[in-house]
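Tertiary structure, described
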Amino acid sequence: MNNSREILQNVIGQVRRVVLGKDACIEKIMMAMLANGHVLMEDIPGVGKTTMAVAFARALGLEARRMQFTSDVLPSDITGFSMYRKDLQNFVYQPGAVFCNLFLADEINRTSPKTQSALLEVMEERQVTVEGVTRQVPQPFMVIATQNPTGSAGTQMLPESQMDRFLISLNMGYPELEDEIAILKGRSAGNPLEDLEPVADADLLRQMQAETDQVFVHDVLYEYAAKLVRATRVHPMIELGMSPRGGLALVRMMKAAAYLKGKNYVTPKETEQVFADVGLHRIRLNAKAKAEHVTGKQILEEILHQIPRPVPKKNS
């Protein structure tokens, strides 16, 4: 695990070269990759979401494809389609854009719900079914989707079923002044993405994902995670709470947070570190919360304070 930690820090270091001042976001995406999950990045255009995804793909040596989701993108563009070949006198399957290790779905909420739903199967089962034939996508496989703020021109809300398939959601925000100056100076000398070197590969990432899955979680922490999830379902300002899939996502991220720190066990600190990232996009606030201008993040922080923090026994 010590060697894996060094490799992970090298990957993070490569991404930090091009994404400045967003260390927390970088680490959370690395955790999501270790947990074999998908990431939804919700923010205004131009803050570096696409750059972040491309930087990870290059640092990890993954095959990446990017699709700009616009109103004219069709489901077959994502999943693939069969085309008649006159020379073969038969239909031949043409793979869609998701046949890669890292699929960047740029501005996913600008396309139609029908096209958005084309990602549901591949995000959950890592496979695509076209015309009755099921095909596996390369492993590892993950989706990093960027989303413009709801209400922006040309956007359509993602359905809850698709939101729930993202392991975590992140918000990058604007850079600090010093970081923005560094960005301006760095880009004047060329695109720093071109200088990134791969420090890992797909096989190594799969190995680290398997090791992450073996990280130990004490029974009291399973109970703690379950209580946090259940608290979102009964909160007076939440209309729709976290699903059981959300609870499973929380445990996976807890393990990944511990693994990234070089540990083979989870503590309450890891649970609290990732709870908001896992839960924020899975809850829907009610009218009372909106009327009182309470945010989902504030409610999740309140739940963390309400549920007693467990104290694992020694050597657990």
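Residues numbered from 1 in each chain as written. Predicted model: local features only at pLDDT ≥ 70, side-chain atom pairs only at ≥ 80, totals over all residues. Heavy atoms only, no water.

With respect to the packing of helix H2 (residues 23-34) against helix H11 (residues 244-260)
Following both chains from N to C, one finds H2 and H11 inclined at 115°, their axes separated by 8 Å at the closest point. In terms of orientation, H2 and H11 fall into the roughly perpendicular class. As H2 packs across H11, the resulting crossing turns out to be right-handed. Contacts between H2 and H11 involve Glu27, Lys28, Met30, Met31, Ala32 and Leu34 from the former and Met253, Ala256, Ala257, Tyr259 and Leu260 from the latter. Residue classes in the contact of H2 with H11 are distributed as nine nonpolar, no polar and two charged. (Axes fitted to C-alpha atoms, helices over the stretch in contact; angles between N-to-C directions. Helix = DSSP H or I, 4+ residues; strand = E, 2+ residues; numbered from the N terminus. Parallel < 35°, antiparallel > 145°, perpendicular 65-115°, else oblique. Left-handed = near helix turned anticlockwise from the far one by under 90°. Contact = heavy atoms within 4.5 Å. Nonpolar A, V, L, I, M, F, W, Y, C, P; charged D, E, K, R; others polar.)

Observations regarding the environment of Arg252
Note that Arg252 resides in helix H11. If we skip the residues at most four places from it in the chain, Arg252 touches Ala35, Asn36, Gly37 and Leu167. Only 2.9 Å separates the side chain of Arg252 from the backbone oxygen of Asn36, close enough to count as a polar contact. (Polar contact = N/O pair within 3.5 Å; in protein donor to acceptor, adjacent residues only side chain to side chain.)

A word on the sheet that holds strand E5 (residues 102-106)
The strand order across the open sheet built from five strands is E2-E5-E8-E1-E9, with neighbouring strands paired in parallel fashion. Whereas interior strands pair on both sides, the edge strands pair on one side only; in this sheet they are strand E2 (64-68) and strand E9 (168-170). For this sheet, the mean angle separating the axes of adjacent strands, direction not counted, is 15°. As judged from the four bridges shared by strand E1 (residues 39-42) and strand E8 (residues 142-147), these two strands associate in the parallel manner. When the bridges of E8 are listed, Val39 appears paired with Ile144. Against the sheet, H2 contacts E1, E5, E8 and E9, and its axis sits at roughly 160° relative to E9. (Pairing = 2+ DSSP bridges.)

Focus on the nonpolar core
Counting residues in each nonpolar core, the largest one holds 74 residues, and the members touching the most others are Met30, Met52, Phe56 and Ile144. Broken down by element, this core gets its largest block of residues, 10 residues, from H11. Look past the residues within four positions of Met30 in its chain and what remains in contact with it is Leu8, Val11, Ile12, Phe56, Leu60 and Leu260. Within the second largest apolar cluster, 26 residues are counted, among which are Ala97, Met123, Val143 and Met163. (Core = buried A, V, L, I, M, F, W, Y, C linked by side-chain atoms within 4.5 Å. Buried < 20%, exposed > 50% of the residue type's maximum accessible area, 1.4 Å probe, protein only.)

Details of the layout of surface pockets
By volume, the largest pocket is sized at about 1,100 Å³. Lining the largest pocket are 35 residues, and of these Glu42, Met163, Leu280, His281 and Ile283 lie nearest its centre. Listing elements by their share of the lining of the largest pocket, those giving two or more residues are H2, helix H7 (160-163), E9, helix H12 (268-279), strand E11 (284-285), helix H13 (287-291) and helix H14 (296-306). Looking at the lining of the largest pocket, its residues break down into 14 nonpolar, 11 polar and 10 charged. (1 Å grid on protein atoms, 1.4 Å probe; cavity = no way out; pocket = protein on both sides within 12 Å on 5 of 7 lines; lining within 4 Å. Points joined across faces, edges and corners; volume = space filled by probe spheres on them.)

Remarks on empty space enclosed by the protein
Leftover empty space is mapped by rolling, across the atoms, a probe with the size of a water molecule. Considering all chains together, one arrives at one cavity of 30 Å³ or more under this definition. In terms of lining, the largest cavity is formed by Met33, Asn36, Leu62, Asn101, Pro140, Phe141, Met142, Leu205 and Gln209. For the lining of the largest cavity, the residue count by class is six nonpolar, three polar and no charged.

Structural notes on the pairing of strand E7 (residues 133-136)
In this sheet, E7 lies alongside strand E6 (residues 127-130) in antiparallel orientation, the contact comprising four bridges. Bridge assignment links Thr129 to a residue of E7, and that residue is Thr134. What sits between the antiparallel neighbours E6 and E7 is a turn of two residues, in which Glu131 has the positive phi angle 55°.

Details of the side chain of Gln209
Structurally, the position occupied by Gln209 is in helix H9 (residues 202-213). By relative accessible area, Gln209 is classed as buried at 14%. The residues contacting Gln209, other than those within four sequence positions of it, are Met33, Leu34, Asn36 and Pro140.

Thoughts on the UniProt feature "domain: ChlI/MoxR AAA lid" (unreviewed entry) in the protein
Here the UniProt feature "domain: ChlI/MoxR AAA lid" (unreviewed entry) sits at residues 230-303. End C-alpha atoms of residues 230-303 are separated by 10 Å, and the span's content is 64% helix alongside 7% strand. (UniProt positions renumbered as here; feature names shortened; annotations may be inferred.)

Remarks on unusual backbone geometry
Note that the residue after Gln139, namely Pro140, is joined by a cis bond; omega there is -5°. Residue placement: Pro140 occurs in the loop between E7 and E8. The residue Asn36 is not glycine, and still its phi comes out positive at about 60°. By the secondary structure assignment, Asn36 is in the loop between H2 and E1. Its relative accessible area of 26% is what places Asn36 among the partly exposed residues. Positive phi, close to 55°, is recorded for Glu131, a residue that is not glycine. Here Glu131 is to be found in the loop between E6 and E7.

Brief notes about the side chain of Gln162
Tracing the sequence through the fold places Gln162 in helix H7. Those residues in contact with Gln162, other than ones at most four positions away along the chain, are Ile108, Gln116, Ser117, Leu119, Leu120 and Met123.

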